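One-letter residues, chain by chain:
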Amino acid sequence: MSELWAWFVAAWAVCAKDLRSEFRTRYALSAIGLFAITTLTVISFALGPFGLEQDLLAALLWVVLFFAAMAGLSRVFVHEEESKTAPALRLAAPASAVYLGKYLFNLVLLLLLEVLIVPLFIVMMGLQVGNFGLFALVLLLGNLGLAGATTIIAAMVSQASARGALFTVLSFPLLLPLLISTIEGTRLTLAQAELASPWPSFQVLLAYAVAMVTVSLMLFPAIWTE
Amino acid sequence: MSGLLVDEVTAIFVVMAVTLVVWLGIFAYLWGLDRKVRRLEKEVRRAGNE
Amino acid sequence: MDRVRWTAIGKIALAVWMAVVIILAFLMPAQNLGSLGQAARVIFFHIPSAWVTVVAFMISSVFSILYLVKRRRVDDHRAVNASVLGVVFCILATVTGAIFATITWGSPWNWDPRETTIFFLLLFYAAYFVLRSAVADEERRAVFSGAYNVLGLVVVPFLVFIAPRLSVLAGLHPEPLINVRGELDMDWRALVIFLSSLAGFTGIFGWSYSLANRVSRLQDEILEQD
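Only a predicted model underlies this, so the values are computations on that prediction, with no experimental measurement involved.

To continue, consider the overall build of chain C. Helix and strand content of chain C: 7 helices and 0 strands. Shown N-terminal to C-terminal, the secondary structure of chain C runs as helices and strands in the order α-α-α-α-α-α-α. Burial status across chain C gives 38% buried among its 226 residues. If you take every contact in chain C between residues at least 6 apart in sequence, the share linking residues at least 24 apart comes to 76%.

Shown next as structure tokens:
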């Protein structure tokens, strides 16, 4: 039991280290936040006058979130390789703990991003949320899956070339089912949605997140250790 | 665009012929490749045994 | 007669077999193909292509897993070769499908469930090859692409289950075809041609795949001899 606890502590330590450095520099959050704001502004400016349907807005929200994620979520590993701290990290903690720590960090990053972007989106695009609790739940479940798929890809990309484009190219096919489900789920929590239940989407999202994290945990040691 | 240049029956024959030619071309390519690979395999095995 | 003789006879038989299939596919009277008319002939080529690309994907995934577990170079070769053939047939399936869609429904692409799945496969294959080209070290390349293949395998069930629930777009693609295959039942002559084509396509894949693997092995043997 204490071994498991030690493992959790190591994972948390990895996450906390990243959070601390992030809090100091706010680099990742600024990059990802500014990117999202820019995308949102472009969308609002270009599409604003057209009176978009709520369904379309649900999809657009996830388009913004997706591209922001592509801009910022690979940093967890790319930064380590670039600043040459990766070898030290390999020695400091077991592989799976490193993965969990990085995953949690990406999760926090996504949550902070949404705290910033979602209210802005609602105001700028006129999104009408019907059930705020369920709406927040979709975002949370979507984040779990988004971070789940992208963290391990980030690990691969950090050891390869052409990192920026490669991250997006590799992530998108894997995220396709996630995007479909989150858009559908978000759509059903809006004010004008039909009375269909969004719960099937939630189940899919949860299953996706669990599957991705589990498989990532199994694959990560092979990718991380040289 | 009104009116086909050829009637439907001829069109089907044309498509069939094209498909046939394409297939035979692919087959010839695979066959040629197979022969080359077989020859290379013999050579490499001979060189390996020396 | 030795083994080479037998396989040669088999290959010639395949040539004749597919030639006959092609001829029959086009000469069979169109009324037996259901309400779609001449365009329905594409079924004889489109579905076998899609079938082969899925099989190739499965084979590639199996060898990827085998490589990750056993780390034998030959398994990595087998995985890549299956993927290469998979892309070829995937492109074939997508193009024939788009042709059929344009003739039957007016537009080549509509994101219905089937189209989305085949597009995902195409995108995934492309990402797989981009990943391979971005990693210089041979062993890392094999590990990363193997891992990516496994991630893709995990994602596919989600896509298969989610696709039918694309509530806005469902119903465009599968109905006429599924009716022909399932409910209305294909005219038995069409069914025979269809199954023969399926067998033929599988034979073409099998032959090409064995050729590709033999070439890979030759490359390894030649490298060893130097």
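From this point, the discussion proceeds with the structure in view.
Interfaces are frequently sized by the accessible area removed from exposure as the parts join. Listed by partner, the interface residues are 23 residues for chain A and 23 residues for chain C. Every element with two or more residues in the side of chain A that touches chain C is listed here: helix 8 (163-188) and helix 9 (199-224) of chain A. Looking at which element gives the most residues to the side of chain A that touches chain C, the answer is helix 8 of chain A, with 10 residues. Here the side of chain A that touches chain C is built from residues that sort into 20 nonpolar, 3 polar and no charged.

Across soluble globular proteins, nonpolar side chains show a tendency to be buried alongside one another. Counting 110 residues, the largest nonpolar core has Leu61(A), Val64(A), Met156(A), Leu170(A), Ile223(A) and Ala147(C) as its most contacted members. Looking at which element gives the most residues to this core, the answer is helix 7 (residues 132-158) of chain A, with 15 residues. Counting residues in hydrophobic clusters, the runner-up holds 15 residues, among them Phe26(C), Ala40(C), Phe100(C) and Ala190(C).

Turning our attention to the environment of Ala142(C). All names here are of chain C. Here Ala 142 is to be found in helix 5 (residues 138-162). Between the C-alpha atom of Ala 142 and that of Ala 79, which follows or precedes it by 63 residues, the distance is 9.3 Å. When sequence neighbours within four positions are dropped, the list of residues in contact with Ala 142 reads Tyr 67 and Asp 76.

Glancing now at the arrangement of the chains. When the 2 pairs of chains in contact are compared, the highest contact count belongs to chains A and C. Between chain A and chain B there is no contact; the minimum C-alpha to C-alpha separation amounts to 31 Å.

The next thing to look at is the packing of helix 1 (residues 3-27) of chain C against helix 7 (residues 188-225) of chain C. Residue and element names in this part refer to chain C. In the contact formed by helix 1 and helix 7, the axes pass within 10 Å of each other and the chain directions differ by 145 degrees. Relative to helix 7, helix 1 is oriented so that their crossing is left-handed. Packed against helix 1, whose contacting residues are Lys 11, Leu 14, Trp 17, Met 18, Val 21, Leu 24 and Ala 25, the element helix 7 presents Ile 193, Ser 196, Ser 197, Gly 200, Gly 203, Ile 204 and Trp 207 at the interface. Residues belonging to the contact of helix 1 with helix 7 are distributed by class as follows: 9 nonpolar, 4 polar and 1 charged.

We now examine unusual backbone geometry. With a phi angle near 60 degrees, Lys84(A) is a residue other than glycine that sits in the positive phi range. Of note, Lys84(A) is situated in the loop between helix 4 (75-82) and helix 5 (86-92). You will see that Arg71(C), though not glycine, has its phi angle at about 55 degrees, which is positive. Tracing the chain through its elements places Arg71(C) in the loop between helix 2 (43-70) and helix 3 (73-105).

What follows concerns the confidence of the model for chain C. Residues and elements named next belong to chain C. Summarising the model, chain C shows a mean pLDDT of 85, and 86% of its residues fall at 70 or more. Of all secondary-structure elements in chain C, the lowest mean pLDDT belongs to helix 6 (residues 174-183), at 43, while helix 2 reaches the highest, 94. The model gives residues 167-184 a pLDDT under 50, and that stretch makes 22 contacts with residues more than four places away or in other chains. With pTM at 0.89, the complex prediction returns an ipTM value of 0.91.

Right, let's talk about the packing of helix 2 of chain C against helix 5 of chain C for a bit. Residues and elements named next belong to chain C. At a minimum axis separation of 8 Å, helix 2 and helix 5 run at an interaxial angle of 130 degrees. Judged by the inter-axis angle, helix 2 sits oblique to helix 5. For helix 2 against helix 5, the interelement crossing comes out left-handed. Each of Ser 60, Ser 61, Ser 64, Ile 65, Tyr 67 and Leu 68 in helix 2 lies in contact with helix 5, whose residues at this interface are Ala 142, Val 143, Gly 146, Ala 147, Asn 149, Val 150 and Leu 153.

Cut-offs and rules
Residues numbered from 1 in each chain as written. Chains lettered and ligands numbered in written order. Predicted model: local features only at pLDDT ≥ 70, side-chain atom pairs only at ≥ 80, totals over all residues. Helix = DSSP H or I, 4+ residues; strand = E, 2+ residues; numbered from the N terminus. Buried ≥ 20, exposed ≤ 12 C-beta atoms within 10 Å, placed from the backbone. Contact = placed C-beta atoms within 7 Å. Nonpolar A, V, L, I, M, F, W, Y, C, P; charged D, E, K, R; others polar. Core = buried A, V, L, I, M, F, W, Y, C linked by C-beta atoms within 7 Å. Axes fitted to C-alpha atoms, helices over the stretch in contact; angles between N-to-C directions. Left-handed = near helix turned anticlockwise from the far one by under 90°. pLDDT = per-residue confidence, 0-100. Parallel < 35°, antiparallel > 145°, perpendicular 65-115°, else oblique.

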